[in-house]
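# Residue-level structural notes
What follows is each chain in one-letter form.
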Amino acid sequence: MPKVTTRTLNLIGGKWVEAKSGKWFESRNPADDGDVVGEVAKSGPDDVDAAVKAARKAFDGWRLTPAPKRSEIMGRVAQILRERKEELSQLLTREMGKVIEEARGDVQESIDTAAYAAGAGTRLMGETVPSELPDKFAMTVRAPMGVCGLIAPWNFPTAIPSWKLFPSLVCGNTVVFKPASDTPIVATALVRIFEEAGLPAGCINLVHGGGGDVGMAIVKHPGVALISFTGSSGVGREIASECGRALKRCSLELGGKNGSIVMDDADLELAVDGSLWGAFGTTGQRCTATSRIVVHEKVKAEYLSRLVDRAKKLKLGPGNDESVKVGPLVNAGRVKEVQSWVDRGVKEGAKLLCGGKAATNGALKKGWFYEPTIFDNVKAGDTLAQEEIFGPVLSVITVKSFDEAIAALNNSKYGLSASIYTQDVNRAFRAARDVETGILYINSSTIGAENHLPFGGMKETGNGHREGGWTAYDIYSEIRTVYVDFSGKLQRAQIDNRKAES
C-alpha cells in the first residue's frame, strides 16, 4: 500500500493541535510493515501540562452538569459507535493486527460499555442511614475526583479506553487520555466520536506519545487527581510508587499468567476448543490469555494429541482476511521478546511440540507473525510457567490429582483469570473457593469477560480495583458523608446520645 501521510493530532481544550515539539512518529500495520497507517504527534510534558490545564478549566462546568445529562451524551456516543462499528473494526485490524472477528468484538465491547454508561448517571447512588441523634438526617453522595489521567494499552484499543473513559466522565470528572503508541489512530477515532456526540470542550483531552515522555508526565502532574493504568506489572509498580508519594488515587490492571485445569472427567473437545481460543486468540496478546494448561495425567495424551493437531492447522495472516484465525504480533520488538522466552524454555528442558519460531512464509514475511507454540514437560515453577510472555505460547503442566492441579495453578505471582474443565460440581465449587484469581470460568476459556461485571485480579495483577460494571464507578468517585441537623440546637454525636457512666 502507498505511504499514508495523514497526520494525527492531540486534542487539547477542544482544539486539534500539533505537539509542541513539532515532531511526529509513525503508526504501521503489523501485518504489513510497509503500510504506514498515519503519522502521529510526538508529545511531551509541555503538551501534558496544557491538557491538564484544559481539563481543569472544564471541570467545574462538567461536574455541575446533572449526571443523567452526562449519561445522555454517553448514549449518543453508543449510537454513533453502532453506526461506525465496521469502519472502526477495519481500522483497528489494520493498526493493531487482531483478526477482524475479534476487532468487531473489541468495538462491540465499547458499544456495550457506552450503553451501560448511558444509564449509569441515574444510578450514581449514595445511601441513607439513621442518625444516632434525634432530628438529624445522614446520607452519602458521590463526588467526582477532578482530572483523571487514563493510560491505555494497545491490545484492546477501543474496549479498554472505553472501560476508563465512560465511568470517569459519567462521574463528573474530566480526563487526559494517553493511548498506546502502537494504536494512536484508533484512539483518535474513538475520541472524535465523543466530540461529535456533544461532549463539551476540555472534558476529554488526548495526548499522544511514549510512556516515558507522556505517560509519566501525566502520573507526576500535580493537577491530576487519579491515574488509571493498564499494562505491565513493572510499569505499574513505578506508577504506584509515584502515586503513593503524592497520595494520589491509582487504579492498576497489570499482568497475568492465566491457567486452565483439564481434569480427568473433562469434556476434552470443549477443553481443546477453549484452550485454542484462550492461548491463540489475539495471538496470545491478552492479559487474560491462557498461558498454562494444568492437565490430569489420565487424559493428557489424548488432550495433547487433539490440541497440537488443531494448533498446527490454525491459519495465520492479515486480520482483514475473514478466514484467518491468528494475526500478527503488534510489532517487531514483540517477535524478538517472544522468541527469547521460547529459546529459554527449550534451554531449560521443556519439550517443544509445535511452533517455536516466527512465521515468514510468503506474504507473512511482510509482518510480525509467530507460529502458535505449545510446550510439554513444563514444571509449575519453570520460567515458562511463571513469566508473562504475551504471545502465542502455551505451556503444559501434568498433575495426578485435583489438589495438585489447584496448587500448580496457584503457583504464580499473578492472579487474573483461570478456568477449569470438569463434570464434577463439587470440584467446580471447590475451585471457585480455592483458586487465587479475580476471575474464574467453569468449563470455558480464561478469556471472555462481560463488560457489566467486575474485571480485575489478585496478587501482582493489580492493586485491588475492579474495572467493568458498577465497580468501575467506585474508582472514579469520592464518597461524601452529609449530615443534616434540623433540631435547632447543637447536638454532639457520641456524647449527647450517651448517658454518663456512673
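Residues numbered from 1 in each chain as written. Predicted model: local features only at pLDDT ≥ 70, side-chain atom pairs only at ≥ 80, totals over all residues. Heavy atoms only, no water.

### Quick word on the packing of helix α3 (residues 85–96) against helix α4 (residues 100–120)
Contact geometry for α3 and α4: axes closest at 8 Å, N-to-C directions at 125°. In this view, α3 runs oblique relative to α4, as classed from their interaxial angle. Considering the relative orientation of α3 and α4, their crossing is right-handed. Contact residues: Lys-85, Glu-86, Leu-88, Ser-89, Gln-90, Leu-92 and Thr-93 in α3; Ile-100, Ala-103, Arg-104, Asp-106, Val-107, Gln-108 and Ile-111 in α4. (Axes fitted to C-alpha atoms, helices over the stretch in contact; angles between N-to-C directions. Helix = DSSP H or I, 4+ residues; strand = E, 2+ residues; numbered from the N terminus. Parallel < 35°, antiparallel > 145°, perpendicular 65-115°, else oblique. Left-handed = near helix turned anticlockwise from the far one by under 90°. Contact = heavy atoms within 4.5 Å.)

### Concerning the pairing of strand β5 (residues 32–41)
Burial of β5 is extensive: eight of the ten residues sit out of reach of the surface. Where strand β1 (residues 7–8) meets β5, two bridges bridge the pair, whose relative direction is parallel. When the sheet's bridge partners are listed, Arg-7 is paired in β5 with Glu-39. In this sheet, β5 lies alongside strand β4 (residues 24–29) in antiparallel orientation, the contact comprising six bridges. Opposite Asn-29, over in β5, you have Asp-32 as the bridge partner. Connecting the antiparallel pair β4 and β5 is a turn made up of two residues. (Buried < 20%, exposed > 50% of the residue type's maximum accessible area, 1.4 Å probe, protein only. Pairing = 2+ DSSP bridges.)

### So, the sheet that holds strand β7 (residues 136–144)
Spatially, β6-β7-β24 is the arrangement adopted by the three strands of the open sheet, whose pairing is antiparallel. Single-partner strands in this sheet number two, and they are β6 (128–130) and β24 (477–485). When the angles between neighbouring strand axes are averaged without regard to direction, this sheet yields 25°.

### Brief notes about the side chain of Lys-136
By the secondary structure assignment, Lys-136 is in strand β7. Within the buried core, Lys-136 has no salt-bridge partner, and the shortest N-O distance to an opposite charge, that of Asp-485, equals 5.1 Å. Excluding its chain neighbours within four sequence positions, the residues that come into contact with Lys-136 are Ser-131, Tyr-483, Val-484, Asp-485, Phe-486 and Ala-493. (Lys, Arg positive; Asp, Glu negative; His and termini not counted. Salt bridge = Lys/Arg side-chain N within 4 Å of Asp/Glu carboxyl O.)

### Topic: helix α13 (residues 402–410)
Inspection of α13 places Phe-402, Ala-405, Ile-406, Ala-408, Leu-409 and Asn-410 among the buried residues, and these make up the whole buried set. Buried residues along α13 sit against β13 (258–262), β14 (290–296), β19 (393–399), β21 (417–421), α14 (425–434) and β23 (458–459). The backbone nitrogen of Glu-404 has a side-chain oxygen 3.1 Å away, supplied by the residue at the start of α13, namely Ser-401. (Polar contact = N/O pair within 3.5 Å; in protein donor to acceptor, adjacent residues only side chain to side chain.)

### Concerning the pattern of salt bridges
Scanning the model with the defined rule gives 33 salt bridges in all. A salt bridge links Glu-242 to Arg-245; the nearest nitrogen and oxygen atoms lie 3.0 Å apart. In this pair, Glu-242 and Arg-245 both sit in helix α8 (residues 233–246), three residues apart, roughly one turn of the helix. Arg-245 sits in the exposed class, given a relative accessible area of 59%. For Glu-478, the salt bridge is made with Arg-249, and the minimal N-O distance between the two is 3.1 Å. Remark: Arg-249 occurs in strand β12 (residues 249–253) and Glu-478 occurs in strand β24; sequence separation between them is 229 residues. Residues participating in the shared-partner salt-bridge network are Glu-269, Asp-273, Glu-302, Arg-306 and Arg-310.

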